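As a plain string of letters, each chain reads:
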Amino acid sequence: MIRVFVMSALLFFLPFALFAIYAVVTDMLAAPADRGPDGRVLKSAWSRIPLAWLTGAGALLVLGTLFTLALTSPQIGAPGKTYVPPRIEDGVVVPGHVE
């Protein structure tokens, strides 16, 4: 369960990370005419962060991934089958399975 949570969190924050990379690169490549007397960029990408778009994109990534995983993950067992949990027989662990 923690794996799904961590994967979802990483997917949600992916658009924010990509925007941060974009903002840093555009600030580094700004022309001298776009810089103030102290060398800072006058109209930085950081001043116009599209939070609504980044949040929406992150939410769509998470929902799309969870939906895809739900549709494509293998089924544990067919209806009417019984799950047999793992057990120890003669000192050897027999993995759980569906009968």
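Just so it is clear, the model here is predicted, and its values are computed rather than measured.

Asker: When you look at the environment of Pro50 in this model, what are you seeing that I'm missing?
Answerer: Mapped onto the elements, Pro50 comes out in the loop between helix 1 (2-28) and helix 2 (51-72). Relative accessible area serves as the criterion here: at 27%, Pro50 is assigned to the partly exposed category. Spatially, the C-alpha atoms of Pro50 and Leu71 are 32 Å apart, while their sequence positions differ by 21 residues.

Asker: Sorry if this is basic, but what is going on with the pattern of salt bridges here?
Answerer: Pairs can form between side chains of opposite charge once their charged atoms are near each other. With the rule as written, the count across this model stands at two salt bridges. As a salt-bridge pair, Arg40 and Asp38 come within 3.0 Å of each other at their nearest N and O atoms. Neither residue differs from the other here; Arg40 and Asp38 are each classed as exposed. A salt bridge links Arg87 to Glu89; its shortest N-O distance comes to 2.7 Å. Take Arg87: its relative accessible area is 31%, and that puts it in the partly exposed class. Note on Glu89: relative accessible area 38%, which makes it partly exposed.

The rules behind each value
Residues numbered from 1 in each chain as written. Predicted model: local features only at pLDDT ≥ 70, side-chain atom pairs only at ≥ 80, totals over all residues. Heavy atoms only, no water. Helix = DSSP H or I, 4+ residues; strand = E, 2+ residues; numbered from the N terminus. Buried < 20%, exposed > 50% of the residue type's maximum accessible area, 1.4 Å probe, protein only. Salt bridge = Lys/Arg side-chain N within 4 Å of Asp/Glu carboxyl O.

By themselves, these are just geometric observations and shouldn't be taken as functional.
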